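Okay, here's what each chain looks like letter by letter:
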Amino acid sequence: MADQRQPTVIADNANIVYRIYGSVAPGANSPLASLRRIVTGKKSAAVREVHAVKGASFVAYRGEAIGLIGTNGSGKSTLLRAIAGLLPVERGGGIYAAGQPSLLGVNAALMNDLSGERNVELGCLAMGMSPAEVKEQAPGIIEFSGINDRGDFSSLPMKTYSSGMAARLRFSIAAAKKHDVLLIDEALATGDAKFRKRSEQRVRDLRKEAGTVFLVSHSEQSIRDTCERSIWLESGVIRADGPTDDVLKEYETYVNK
Amino acid sequence: MAQTAVADSDTGPSLTELARSHGLTKAGRLPRLPEYTRHLWSYRHFIAAFANAKVSASLGSTKLGVVWQLLTPLINAGVYYLIFGVLINTKQDVDNFIAYLCAGVFVFGFTQSVVQAGSQSITANIALIRALHFPRASLPIAVSLVEVRNMIASMIVLVAIVLLTGEPLTAQWLLLIPALVLQTIFNTGLALFVSRLISKVTDIRQLIPYILRIWMYGSAVLYPVTFFAERIHGWQLTLVESNPMLIYIELVRHALMENVDLAQPAPLLWLQAAIWTVLVGFGGYVYFWRGEKGYGRG
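Residues take numbers from 1 onward in each chain, read along the sequence in its written order. Lettering of chains starts at A and numbering of ligands starts at 1, both following the order in which they are written. Local features in this predicted model are restricted to residues whose pLDDT is 70 or higher, and side-chain atom pairs enter the listing and the counts only when it is 80 or higher, whereas totals over whole chains, interfaces and linings include all residues. Only hydrogens and water are set aside; all other atoms, that is, all heavy atoms of the structure, feed into the side-chain values.

Colleague: Looking at this structure, how should I read helix α5 (residues 163-175) of chain A?
Modeller: Side chains three or four residues apart in an α-helix point the same way, a direct result of the helix having 3.6 residues per turn. An ideal rise of 1.5 Å per residue puts 18 Å on 13 residues; α5 of chain A measures up with 18 Å between its terminal C-alpha atoms. The classification of residues rests on relative accessible area computed with a 1.4 Å probe and restricted to protein chains. Under 20% of the type maximum is buried, over 50% is exposed, and intermediate values are partly exposed. The numbering of helices and of strands both runs from the N terminus, where a helix is a DSSP run of H or I of at least 4 residues and a strand a run of E of at least 2. Burial analysis of α5 of chain A places 12 of its 13 residues in the buried class, the great majority of the element. The span you would expect from a helix comes to 1.5 Å times its residue count less one.

Dropping the structure here:
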């Protein structure tokens, strides 16, 4: 099917495995056991593998907004990180993307000891803006985040912010740049109703600028409002991929079982 | 893989081919070294801002703030003066032992703090790495920049100590600058090397304090460099005297002090310092670059 739609993200049998060190049952990490491993050359039992995403394949096109749904720990955030190129995909598969996908999530830690203003500057520079662009964009970012609505918070350290304020600021920073592919991890769920409305509008604007948006959220409402296509992940396997209404219906019957 | 074959059969051409035909790039692809270097250069403003942010974040909670950058080396020198100048009062056959000692302590301290901070630069910023896309080498390089600032402060203190202890100000002092430039490049390479190594083999962090301590004793920081020639010979002496830290410290002492015994003639020291700088600076950079795509794994 050679249609004119321009693919922006393609996952071809993507497997993602976390390797975790030092999380073993007591005893397996004792000095004697470690010594035995060194002597026998056996692979360390202290390394546990978690197969977080199993053989995911899909194609995302320009102008689409795709919701990722699934229960906690189903691999949604992991998949987003792999699309952003932040986590390596195992051999034998791959994820391909147009340009550089940007991940924006509530976990996107900036420096908590610094003021909001300086975090805006740092975040913009880390996204590859020039200092001139940063100067131009910074007031708009702070304005959009609304952290100054209750007095001058932008000059206070970020550790004094409420979690909602910090999440709003992070969202505003990431949304300030035009992205070919924007990956949003639960960010819309943290703000208050007023901010949610504004950020949903921003996501729609970003889509209009010929990008693709992936949205991970537990709020079915925000998925329904912003995405017309959804992918349902369960234990790392894609269970359904299609129009949001159909996928959500299937998901609901699974959850309510 | 069987799974792939099944998935492919209903999509026509394989997804990988589709991606290639639309010019998509593979996520997590390692860029070539020149491309990576250009990319890193375009992030120079981020590196500078990050280094500044680190300094203000670490000093922001103190009342004296930036004054600590001068106070820390002063206190450091004071402690060594108390122990070696007053309590033990060893002149160790060196004219102006206090200046000799402080030069060693400060120059070694520069590399020491780069290694300590560099060993954390990936692991402590894992959230930033997982959230934003920037060349990862920015982090260890920013660490090295922060320490350059501290080093400049401690060099001001050192120069004051050297002058106060009666050394004359000569044209030879200008050699201080190339010596410290070489050491800075060496340190940056070391920070890059250590940060990748520790992000892969976390156990090594436990060894860092001991490695640094043995390195300090091997660099003639607390005693004159002639100490080694009196005690060991042959290949052992060659090994100790080719220690890059010993060489950088010697170069600084040579630049600032009049009558100082060097382990080797000065031109030979400069040559070795240059070799170490290129080797560790470039080697560390290449080693770090090779691991670029794995740092997010944590």
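Colleague: Can you help me understand the pattern of salt bridges in this one?
Modeller: Where side chains of opposite charge bring their charged atoms close, a pairing between them can arise. Residue and element names in this part refer to chain A. A pairing counts as a salt bridge when a side-chain nitrogen of Lys or Arg comes within 4 Å of a carboxyl oxygen of Asp or Glu. Throughout the structure, instances matching the rule amount to seven salt bridges over all chains. R224 serves as the salt-bridge partner of E220, at 3.9 Å between the closest nitrogen and oxygen. Here E220 and its partner R224 are both found in helix α8 (residues 220-226), four residues apart, which amounts to about one turn of the helix. Using a relative accessible area of 27% as the deciding quantity, one classes E220 as partly exposed.

Colleague: What is the right way to read the pairing of strand β6 (residues 181-185) of chain A from this model?
Modeller: Residue and element names in this part refer to chain A. Across the five residues that make up β6, a large majority, five, are buried. Residues V181, L183 and D185 of β6 are buried on one face, and the alternating residues L182 and I184, pointing to the opposite face, are buried as well. Summarising the sheet, β6 and strand β7 (residues 212-216) pair through five bridges and their orientation is parallel. Directly across from I184, in β7, lies its bridge partner L215. Criterion used throughout: strands pair if DSSP finds at least two bridges between them.

Colleague: Help me understand the environment of E117 of chain A in this model?
Modeller: Residues and elements named next belong to chain A. Counting through the fold element by element, E117 comes out in helix α3 (residues 116-126). Residue classification places E117 among the partly exposed residues on the basis of a relative accessible area of 41%. With 36 residues separating them along the chain, E117 and F153 place their C-alpha atoms 9.1 Å apart. The contacts of E117, once residues within four sequence positions are left out, are I142, S154 and S155. Contacts between residues were defined by any pair of non-hydrogen atoms, one from each residue, lying within 4.5 Å.

Colleague: Which parts of the structure should I look at to understand the pairing of strand β8 (residues 229-234) of chain A?
Modeller: On any regular strand, side chains alternate: one points to one face of the sheet, the next to the other face. Residue and element names in this part refer to chain A. Across the six residues that make up β8, a large majority, six, are buried. Of the pairings in the sheet, the one linking strand β3 (residues 65-69) to β8 comprises four bridges and is parallel in character. Paired with I66 across the two strands is R229, which belongs to β8. The hairpin turn running from β8 into strand β9 (residues 237-243), its antiparallel successor, is two residues long, and S235 in that turn takes a positive phi close to 45°.

Colleague: Please explain the side chain of S154 of chain A as it appears in this structure.
Modeller: For S154 of chain A, the location among the structural elements is in the loop between α4 (131-145) and α5. Ignoring anything within four residues of it in the chain, the contact list for S154 of chain A reads S115, G116, E117, I142, I147, N148 and Y161 of chain A.

Colleague: What is the right way to look at the confidence of the model for chain B in this model?
Modeller: Detailed reading of the predicted coordinates is not advisable wherever pLDDT is low. Every residue gets a pLDDT, meaning the predictor's confidence in that residue, from 0 to 100. Mean pLDDT over chain B works out to 86, with 93% of the residues at or above the 70 mark. Counting interchain partners and residues more than four positions distant, the pLDDT-below-50 stretch residues 1-11 of chain B has nine contacts.

Colleague: Help me understand the interface of chain A and chain B, please; the structure alone is not making it clear to me.
Modeller: Many authors give the size of an interface as the accessible area that is lost as the parts come together. Contact residues are listed per partner, giving 50 residues for chain A and 37 residues for chain B. The term buried area refers to how much accessible surface (probe radius 1.4 Å) is lost by two components on association, counted for both of them together. Summed over both sides, the interface of chain A with chain B buries roughly 3,600 Å², with 62% coming from carbon and sulfur. Taken as a group, L86, Y96 and A126 of chain A account for 17% of the area that chain A buries against chain B, more than any other trio of residues on that side. Between chain A and chain B we count zero salt bridges in total. Nitrogen and oxygen atoms within 3.5 Å of one another constitute a polar contact, given that in protein one can donate a hydrogen and the other can accept it, and given that sequence-neighbouring residues count only through two side-chain atoms. Connecting chain A to chain B are one residue pair in polar contact (both at pLDDT 80 or more). If you list the elements that add at least two residues to the side of chain A that touches chain B, you get β1 (7-21), β2 (47-61), α2 (76-83), β4 (94-97) and α3 of chain A.

Colleague: Sorry, what's going on with the packing of α3 of chain A against helix α4 (residues 44-59) of chain B here?
Modeller: In a packed pair of helices, the relevant descriptors are the angle between the two axes and the axis-to-axis distance. Interaxial distance between α3 of chain A and α4 of chain B falls to 9 Å at its minimum, and their mutual angle equals 150°. Considering how the two elements wind past one another, α3 of chain A and α4 of chain B form a crossing that is left-handed. Residues R118, E121, L122, L125 and A126 of chain A of α3 of chain A form the contact with α4 of chain B, whose own contacting residues are H45, F46, A49, F50, N52, A53 and S56 of chain B. Per-class residue counts for the contact of α3 of chain A with α4 of chain B are seven nonpolar, three polar and two charged. Every axis in this analysis is a line fitted to C-alpha atoms, fitted for helices over the stretch in contact. Angles between the N-to-C directions lie between 0 and 180 degrees. Should the near helix be turned counterclockwise from the far one by less than a right angle, the crossing is left-handed, whereas a clockwise turn marks it as right-handed. Under the grouping applied here, Gly and all other residues not named as nonpolar or charged are polar, the nonpolar ones being Ala, Val, Leu, Ile, Met, Phe, Trp, Tyr, Cys and Pro and the charged ones Asp, Glu, Lys and Arg.

Colleague: What is the right way to look at the nonpolar core in this model?
Modeller: In a soluble, globular protein the nonpolar side chains are often hidden away together inside. Residues and elements named next belong to chain B. Counting 61 residues, the largest nonpolar core has M155, L158, L222, V252 and L256 as its most contacted members. Here the element with the most residues in this core is helix α6 (residues 97-118); it accounts for 14 residues. If near-sequence neighbours (up to four positions away) are discounted, V252 is found in contact with A103, V107, L158, L176, A179 and L180. Residues belong to a common nonpolar core when they are buried Ala, Val, Leu, Ile, Met, Phe, Trp, Tyr or Cys residues joined through side-chain atoms within 4.5 Å. Counting 50 residues, the second-largest nonpolar core is a separate cluster that includes V55, V146, L192 and F288.

Colleague: Any chance you could explain a nonpolar patch on the surface here in plain terms?
Modeller: Patch criteria: residues need more than 30% relative accessible area and no salt bridge. Like-charged residues are merged within 9 Å; nonpolar side chains of Val, Leu, Ile, Met, Phe, Trp and Tyr are merged within 5 Å. Surface exposure here means Shrake-Rupley accessible area, sampled with a 1.4 Å probe, where a residue is shielded only by the protein chains that are shown. Taken together, the side chains of L64, V67, W68, I75, V79, Y81, L82, I83, V86, L87 and I88 of chain B define a hydrophobic patch exposed on the protein surface, amounting to about 990 Å² of accessible area. Take V86 of chain B: it is sitting in helix α5 (residues 67-87).

Colleague: Which parts of the structure should I look at to understand the side chain of Q183 of chain B?
Modeller: With respect to the helices and strands, Q183 of chain B occurs in helix α9 (residues 176-200). Ignoring sequence-local partners within four residues, the contact set of Q183 of chain B consists of V107, F110, T111, M245 and Y248 of chain B.

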